[in-house]
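Structure assessment
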Amino acid sequence: MGNEKEFVRNIGRIEPRSLSFGLLIGCFLALMIYMSMSDRYVTPLPTGPVGFTVEPRAAPARGVPSSPMVEHKMNSPQVGPRNAAEENKLSSDASHPGSDLFEENDAINVRRNSSSMIHDASSGRQDAISAQQLGNENIREDQHEKDGGSRVPDKNSSTTGDSTQKENIMNPKQLGESSEAVKPQRKPMCDFSSARSDICRMEGDVRIHGKSSSVVFVASNQMGDPEPNESWRLRTYARKFDKTIMEKIRVVSVKLSSSIDAPRCTLHHSVPAIVFAVGGYTGNVYHDFNDALIPLFITSRQFNGEVQLLITNTQLWWVHKYRHILQKLTRYEIIDFDNDDQVRCYPHAIVGLESHEDMAIDPSRAPNGYSMVDFTKFVSSAYSLDRDSPIKMGLHPERKPRLAIIDRHRTRRLTNVEEVVKMAEELGYEVLRAEAKFETQVAEFAHIINSCDVMMGVHGAGLTNMLFLPMGAVFIQVVPWGRLEKIARYDYGDPAGNMKLQYMEYSISEKESTLIDLYPRDHPVFKDPMSFHRRGWLAMGKVYLVEQNVKLDLRRFRPVLLKALELLH
């Protein structure tokens, strides 16, 4: 007790100024100790006159590094086998190639993630990332939708409302990085918004194994460790609205993966790849062009031949039949996707084809502003067609214009074609009867049509050969009975105008239809054709496209041929 009183008396003798100075020194030392313990990046107190310095924080492991992208070395010996089978899309062939396990590198921080996100075009599910997040790729919505087609999903939100479909791409400014120093590798952009086709575009490290129907896009470390197992499923035939035929098209899986899970490249390519299907209605000349060749032109022509084509659901005879066009679109070997056991690596890939309308190209949406005129010029070049304009009767009155009659021998036949030929010859035409059969060489038939100034025929696939006419030629479509004018104009009339042809349309009367031999005149076939349209395509087609042939009224049709002659002056 006595010691405590003595301690209090001694404290009381200390001057207040000295006590205050001591407390200040103590607080300063405590502050220094706190700061050094709270941040491992603070350097020790300097011995010189300069104050303490703080090192800049390193970017977190999940951030976007400020250093340039580290390129994967595909041929690194530090590899090992791994199963490359796609989720829910395993190859039935047990010999499909394995993949490489890349050793982790200090410069590439790869983190495996077991979560999986599947995007299936048939179910309407799709990536919910906005176009702005993924880059400057413009996703456009095709407004045309055929009967029976599904609704176009919203391109900025998930139709399922599943929040797990959304991903965030880190903003480098949030990590203290300058936006100029960050060049993230763009992840696949899969667009399911069109009613006509689905398409995925990707640039970077793309690995394609056709036999397992797998396209793997290897995510860069600069992407901020995105979901590595996110995937999309699509059928690459440009007739998406036709549910029945699309079921026969092979599904291709596009998967976002980390490099550690990606299959090892067995072949390296320096040009882009395009994966597409030619199944469906292959063999029908209209669908050959409408569903495959025109969409392929839209998608591939921008590469000027520096692109490789990988075809699923392919037919070797089809590739041979249209070899002149395909060889004009690519300088490289065409790959049978379904039977290709190589792992092909590309710097850029497009899965699916861009398609606008039937037999049409929208210049505002096509790369480089391509149009149907560009396509017909391209086709003329592929087949070395000589004529780019029809005869000018005013300049060459001694010459006869050539008329090609597309002759059909099964449905919608022109039953009095001989009489039509005779009348046309009397009017001053040189007449050719032409029918493109399955075995007909396209190049040969293209030269025949290109030599003509006028082409006519009953509505049907054979009219697709108007593609070979010289620009400015006259094209006459004979429309069968049954309120088919809208269909005829959509399939061939509007495309003819887009090709700069002079289009004429002749709708037959019921007396010119052979249906009068099958049905009474008071039957709905004549009195109410729209009742068949309302029952669907099959019911309408059975009567008006299959059962019907045409016998032209020569007196009624004669003015049409005379008008065509006037258009050639």
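See the structure shown above.
Here the residue index of a chain counts from 1 through its sequence in written order. For this predicted model, a pLDDT threshold of at least 70 governs which residues receive local features, and a threshold of 80 or more governs which side-chain atom pairs are given and counted, while totals over whole chains, interfaces and linings are taken from all residues. For the side-chain quantities, the full set of heavy atoms in the structure was used; hydrogens and water were omitted.

**Some details on the packing of aromatic side chains**
What counts is decided by this rule: Note on aromatic contacts: the rings of Phe and Tyr and the six-membered ring of Trp form a pair at centre separations within 6.5 Å, being stacked when their planes are under 30 degrees apart, edge-to-face when over 60 apart, and tilted otherwise. To qualify as a helix, a DSSP run of H or I must reach at least 4 residues; to qualify as a strand, a run of E must reach at least 2; elements of each kind are numbered from the N terminus. Type-normalised accessible area, obtained with a 1.4 Å probe on protein chains alone, sets the label of each residue: buried when under 20%, exposed when over 50%, and partly exposed for intermediate values.
Applying the stated criterion to the full structure yields 14 aromatic pairs. Their ring planes at 55° and their centres at 5.3 Å tell us that Phe297 and Tyr370 sit as a pair that is tilted. Of this pair, Phe297 sits in helix H5 (residues 285-300) while Tyr370 sits in the loop between strand E13 (343-351) and helix H8 (372-382), and the two are 73 residues apart along the sequence. Of the two residues, Phe297 and Tyr370, both sit in the buried class. Ring centres of Phe297 and Phe375 lie 5.2 Å apart, and the angle between their planes is 75°; on these two criteria the pair is classed as edge-to-face. Within this pair, whereas Phe297 is found in helix H5, its partner Phe375 is found in helix H8, the two being separated by 78 residues in sequence. Each member of the pair, Phe297 as well as Phe375, is classed as buried.

**Quick look at the packing of H5 against H8**
Between two packed helices, the angle of one axis relative to the other and the distance separating the axes together describe the packing. Applied cut-off: Fitted lines through C-alpha atoms serve as axes, helices being fitted only where they are in contact, and the angles separating the N-to-C directions of these axes extend from 0 to 180 degrees. Each angle is binned into one of four classes, with values under 35 degrees roughly parallel, values over 145 roughly antiparallel, values of 65 to 115 roughly perpendicular, and all other values oblique. Contacts: residue pairs with any heavy atoms within 4.5 Å of one another. All residues other than Ala, Val, Leu, Ile, Met, Phe, Trp, Tyr, Cys, Pro, Asp, Glu, Lys and Arg, Gly among them, are scored as polar; the first ten of these are nonpolar and the last four charged.
For the pair H5 and H8, the least separation of the axes is 11 Å and the interaxial angle reads 95°. The pairing of H5 with H8 is recorded here as roughly perpendicular in orientation. Residues Phe289, Leu293, Ile294 and Phe297 of H5 lie in contact with H8, whose contacting residues are Met372, Asp374, Phe375 and Phe378. When the residues that make up the contact of H5 with H8 are grouped by side-chain class, the tally is seven nonpolar, no polar and one charged.

**As for the pairing of strand E6 (residues 214-218)**
To be explicit about the condition: Strand pairing is assigned whenever DSSP detects at least two bridges linking the two strands.
Counting buried positions over the five residues of E6 gives five, a clear majority of the element. Relative to E6, strand E5 (residues 199-209) runs antiparallel, the two sharing five bridges. Across the sheet, Ile208 pairs through a bridge with Val215, a residue of E6. In textbook terms, the turn of a hairpin is the stretch between consecutive antiparallel strands, and for E5 and E6 this stretch comprises four residues, one of which, Ser213, has a positive phi near 55°. Across five bridges, E6 lies against strand E8 (residues 251-257) in parallel orientation.

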